[in-house]
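Chain by chain, the residues:
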Amino acid sequence: DNAITHNDHLWHAGQPPPWFSLSAPVQWGPNEPIINPVLEVDPVTTRPCGEVKYSAVKSSGGYGRALMFAWHIHALPVVKAKLQNAFDRAVDSSLLVIKAAELQNAMLALNSNLSANPFDLTVTVTVSNYLGLS
């Protein structure tokens, strides 16, 4: 009563016929997966109520699996301390958002220590895949 016919052959319904198959796409790459990190910043300047976005979303090399992101700040310790919350929010994310108010707080803290107006802020991102390659 649970039978399937195909080309005049009878098959039991609990057993797949020989013409039954499953398939899945396979992404094939080089022996050593190549990571292509892409870092974009937008906007370059912002208003006091705005934000600056650093994006690594266009990075590639996961070969079908999610990439991992680790954001790093290279600045004077007082600046780094004031911006740490932004980096904490970006853990495991392809997007780092620093609010203008956070940048202003970092500049005010720096000015009270060094009486300097501009400050250097270098942001880097490490992009790695499931194999740990970056």
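Keep in mind the model is a prediction, meaning the values are calculated, not measured. (Residues numbered from 1 in each chain as written. Predicted model: local features only at pLDDT ≥ 70, side-chain atom pairs only at ≥ 80, totals over all residues. Heavy atoms only, no water.)

A. Highlighting the pattern of salt bridges. Counted according to the given criterion, the structure contains 3 salt bridges. Among the salt bridges present, the one from E40 reaches K58, with a minimum N-O distance of 3.3 Å. Linking E40 in strand β3 (residues 40–42) with K58 in the loop between β4 (51–55) and β5 (68–74), this pair joins segments that are 18 residues apart in sequence. Judged by its relative accessible area of 54%, K58 is exposed. (Salt bridge = Lys/Arg side-chain N within 4 Å of Asp/Glu carboxyl O. Helix = DSSP H or I, 4+ residues; strand = E, 2+ residues; numbered from the N terminus. Buried < 20%, exposed > 50% of the residue type's maximum accessible area, 1.4 Å probe, protein only.)

B. Molecular detail of the pairing of β4. Judged from the 3 bridges that link them, β3 and β4 form a sheet pairing that is antiparallel. Counterpart to D42 in the pairing with β4 is K53. Here 5 bridges tie β4 to strand β6 (residues 95–99), and the two strands are oriented antiparallel to one another. Within β6, the position partnered with S55 by the bridge is L95. (Pairing = 2+ DSSP bridges.)

C. Up close: a nonpolar patch on the surface. Together, M68, Y130 and L131 line one region of the surface with nonpolar side chains, adding up to about 280 Å² of accessible area. Mapped onto the elements of the fold, Y130 is located in the segment after β7 (122–128). (Patch = residues over 30% accessible without salt bridge, like charges linked within 9 Å, V, L, I, M, F, W, Y side chains within 5 Å. Areas by Shrake-Rupley, 256 points an atom, 1.4 Å probe, with all protein chains shown as cover.)

D. View of the packing of aromatic side chains. Taken as a whole and judged by the stated rule, the model has 0 aromatic pairs. Positioned above the aromatic ring of Y130 is the side chain of R65, whose terminal nitrogen or guanidinium carbon lies 4.0 Å from the ring centre. (Phe/Tyr/Trp six-rings, centres within 6.5 Å; stacked < 30°, edge-to-face > 60°. Lys NZ or Arg CZ within 6 Å of the ring centre and 35° of its normal.)

E. Fine view of the nonpolar core. Counting residues in each nonpolar core, the largest one holds 20 residues, and the members touching the most others are Y54, F69, W71, L83, F87, L96 and I98. When residues of this core are traced back to their parent elements, those giving at least two are β4, β5, α1 (77–89), β6, α2 (100–114) and β7. It is α1 that contributes the most residues to this core, 4 residues altogether. Non-local contacts of L83, meaning those with residues more than four positions away in its chain, are made with I73, I98, E102, L103, A106 and L121. (Core = buried A, V, L, I, M, F, W, Y, C linked by side-chain atoms within 4.5 Å. Contact = heavy atoms within 4.5 Å.)

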